[in-house]
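Summary of the model geometry
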Amino acid sequence: MRVLAEVHARDGYPVNWPDRPGEWLSRGPLLGSWVAQLEGSLVGHVSLSQGREDDLAPMVWSKRNGMTRGMTAVVSRLFVAPQARGHRIGALLIGHAVEEARRRGLHPMLDVVTSGTAAAALYERLGWELMATVEQQWSPRQTVAIRCYAAPS
């Protein structure tokens, strides 16, 4: 949670700080979660879950490809400690999650808020395809623009 708090303070991720960060990290139909260490310290995290009804990227992908959301896996909860950036940790964590999704025969997807420009730049450097930008209502007072990505083939 310490690393997540550092990332939130520096980058605003997650956009809304969860009441229970530990539950937020492990919420949903998880297929797996992985952490990264650098010199013995925890410096990163990523999760992989089955696509759910409220996940935008699987919805966009399934409509585009005529397949069900059940054929997707969502890469999420990706963050790297600010002091550990520049070591390709984010790329390695994403790669591990993508490998696991493909091992299960699932198509990797992810969503990122449009304000997450550094994250979007990483995904695009790794060859992820921007499928759409859509708005999602997170609460009665919060509408957020989301970029929906599919992993490269």
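Before reading further, recall that the structure is shown in the block above.
In what follows, the accompanying structure is described. Since the structure is predicted, the reported quantities are computational estimates derived from the model, not experimental observations.

Description of the pairing of strand β1 (residues 30-38)
One ladder, built from 8 bridges, connects β1 with strand β2 (residues 41-50); its direction is antiparallel. When the bridges of β2 are listed, glycine 32 appears paired with leucine 48. Where β1 folds back onto β2 in an antiparallel hairpin, the turn is made up of 2 residues, including glutamate 39, whose phi is positive at roughly 50 degrees.

Thoughts on the packing of aromatic side chains
Tallied over the full model, the rule gives 3 aromatic pairs. Taking the centre distance of 5.8 Å and the plane angle of 65 degrees together, the rings of tyrosine 123 and tyrosine 149 count as edge-to-face. Linking tyrosine 123 in helix α5 (residues 117-125) with tyrosine 149 in strand β6 (residues 142-150), this pair joins segments that are 26 residues apart in sequence. Note on tyrosine 123: relative accessible area 7%, which makes it buried. The class for tyrosine 149 is buried, based on a relative accessible area of 0%.

Brief notes about the nonpolar core
Leu93, Tyr123 and Trp128 are the most contacted members of the largest nonpolar core, which totals 32 residues. For this core, the secondary structure elements donating two or more residues are α1 (2-11), α2 (21-26), β1, β2, β3 (72-80), α4 (89-103), β4 (107-113) and α5. With 6 residues, α4 is the single largest residue contributor to this core. Apart from the residues within four sequence positions on either side, leucine 93 is in contact with Trp34, Val35, Ala36, Gly44, His45, Val46, Leu78, Phe79 and Val80.

Quick notes on the layout of surface pockets
Each pocket or cavity is described by its volume, and for the second largest pocket that value is around 180 Å³. Residue lining of the second largest pocket: 14 residues in total, with Trp61, His107, Ala150, Ala151 and Ser153 positioned closest to the centre. Broken down by secondary-structure element, the contributors of at least two residues to the lining of the second largest pocket are α3 (56-65) and β4. Counted by class, the lining of the second largest pocket contains 7 nonpolar, 4 polar and 3 charged residues.

Parameters and conventions
- Residues numbered from 1 in each chain as written.
- Predicted model: local features only at pLDDT ≥ 70, side-chain atom pairs only at ≥ 80, totals over all residues.
- Heavy atoms only, no water.
- Pairing = 2+ DSSP bridges.
- Helix = DSSP H or I, 4+ residues; strand = E, 2+ residues; numbered from the N terminus.
- Phe/Tyr/Trp six-rings, centres within 6.5 Å; stacked < 30°, edge-to-face > 60°.
- Buried < 20%, exposed > 50% of the residue type's maximum accessible area, 1.4 Å probe, protein only.
- Core = buried A, V, L, I, M, F, W, Y, C linked by side-chain atoms within 4.5 Å.
- Contact = heavy atoms within 4.5 Å.
- 1 Å grid on protein atoms, 1.4 Å probe; cavity = no way out; pocket = protein on both sides within 12 Å on 5 of 7 lines; lining within 4 Å.
- Points joined across faces, edges and corners; volume = space filled by probe spheres on them.
- Nonpolar A, V, L, I, M, F, W, Y, C, P; charged D, E, K, R; others polar.

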